[in-house]
Amino acid sequence: QVQLVESGGGLVQAGGSLRLSCVHSGSIFSINFMGWYRQAPGKQRELVAGISNGGTTHTADSVKGRFTISRDNDKNTVYLQMNSLKSEDTAVYYCALDGRRLGAPMPTRYWGQGTQVTVSS
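Residues numbered from 1 in each chain as written. Predicted model: local features only at pLDDT ≥ 70, side-chain atom pairs only at ≥ 80, totals over all residues. Heavy atoms only, no water.

**Observations concerning the nonpolar core**
With 28 residues, the main nonpolar core has Trp36, Phe67, Val78, Leu80, Met82 and Tyr93 as its most contacted residues. At the level of elements, β3 (18-25), β4 (28-39), β5 (46-52), β7 (67-72), β8 (77-82), β9 (91-101) and β11 (115-120) are the ones that each hand at least two residues to this core. Element by element, the count of residues in this core is highest for β9, at four residues. Among all residues touching Met82, those that are not within four sequence positions of it are Gly16, Ser17, Leu18, Leu20, Arg66, Phe67, Tyr93 and Val117. (Core = buried A, V, L, I, M, F, W, Y, C linked by side-chain atoms within 4.5 Å. Buried < 20%, exposed > 50% of the residue type's maximum accessible area, 1.4 Å probe, protein only. Helix = DSSP H or I, 4+ residues; strand = E, 2+ residues; numbered from the N terminus. Contact = heavy atoms within 4.5 Å.)

**A few points about the packing of aromatic side chains**
Under the definition given, this model contains two aromatic pairs. A centroid spacing of 5.0 Å and a plane angle of 65 degrees characterise the contact between Tyr37 and Trp111, whose relative ring orientation is edge-to-face. Linking Tyr37 in strand β4 with Trp111 in strand β10 (residues 108-111), this pair joins segments that are 74 residues apart in sequence. You can call Tyr37 buried: its relative accessible area is 14%. Between Tyr94 and Trp111, the ring centres sit 6.5 Å apart and the planes meet at 90 degrees, which makes this aromatic pair edge-to-face. With a gap of 17 residues between them, Tyr94 in strand β9 and Trp111 in strand β10 connect regions that are remote in the sequence. (Phe/Tyr/Trp six-rings, centres within 6.5 Å; stacked < 30°, edge-to-face > 60°.)

**Quick word on the state of the cysteines**
Tallied over the full model, the rule gives one disulfide. Note that Cys22 is cross-linked by a disulfide to Cys95, the S-S spacing being 2.1 Å. Here the disulfide of Cys22 and Cys95 is left-handed, its torsion about the S-S bond being about -80 degrees. With Cys22 in strand β3 and Cys95 in strand β9, this pair connects stretches of sequence that are 73 residues apart. (Disulfide = S-S within 2.5 Å.)

**A short note on the environment of Gly50**
Residue position: Gly50 is located in strand β5. For Gly50, a relative accessible area of 3% translates into the label buried. Once you skip the residues sitting within four places of it in the chain, Gly50 turns out to touch Phe33, Met34, Gly35, Thr56, Thr57, His58 and Ile69.

**Focus: the environment of Lys86**
The residue Lys86 is located in the loop between β8 and β9 in this model. Each C-alpha atom of the pair Lys86 and Ala96 lies 23 Å from the other, and the pair is ten residues apart in sequence. Apart from the residues within four sequence positions on either side, Lys86 is in contact with Arg66 and Val119.

**Points about the layout of surface pockets**
Roughly 150 Å³ of volume is contained in the largest pocket. Along the walls of the largest pocket sit His24, Ile31, Phe33, Met34, Ile51, Asn53, Arg71, Asp72, Asn73, Asn76, Thr77 and Val78, which together make up its complete lining. Looking at the lining of the largest pocket, the elements that each hand over two or more residues are β4, β7 and β8. (1 Å grid on protein atoms, 1.4 Å probe; cavity = no way out; pocket = protein on both sides within 12 Å on 5 of 7 lines; lining within 4 Å. Points joined across faces, edges and corners; volume = space filled by probe spheres on them.)

This is how it looks when you write it as structure tokens:
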């Protein structure tokens, strides 16, 4: 069983910073992608930032220059450093992992439970 556990969310004033962490555990044989999504009330879930197995990163235009994704393979952890936060960044942030378990023919998308980020203006 694969689990993703997020932490680091909370309430912060506009202009402040937060760092989200996502630790994955379980019998993952290979990881293709890890990323952070967010979903604000009444809106669709959107990709914020992602990192491929090779280390290539992608950041949404709305957060470019403010958010940075990184990972620590030794700790099975992916991070999202969020700076210069704005009220429109308020959302539930979800960690996602695309990976294949040993013996599985195809990769599977796994999700964390989400962590709330609230930015007060």
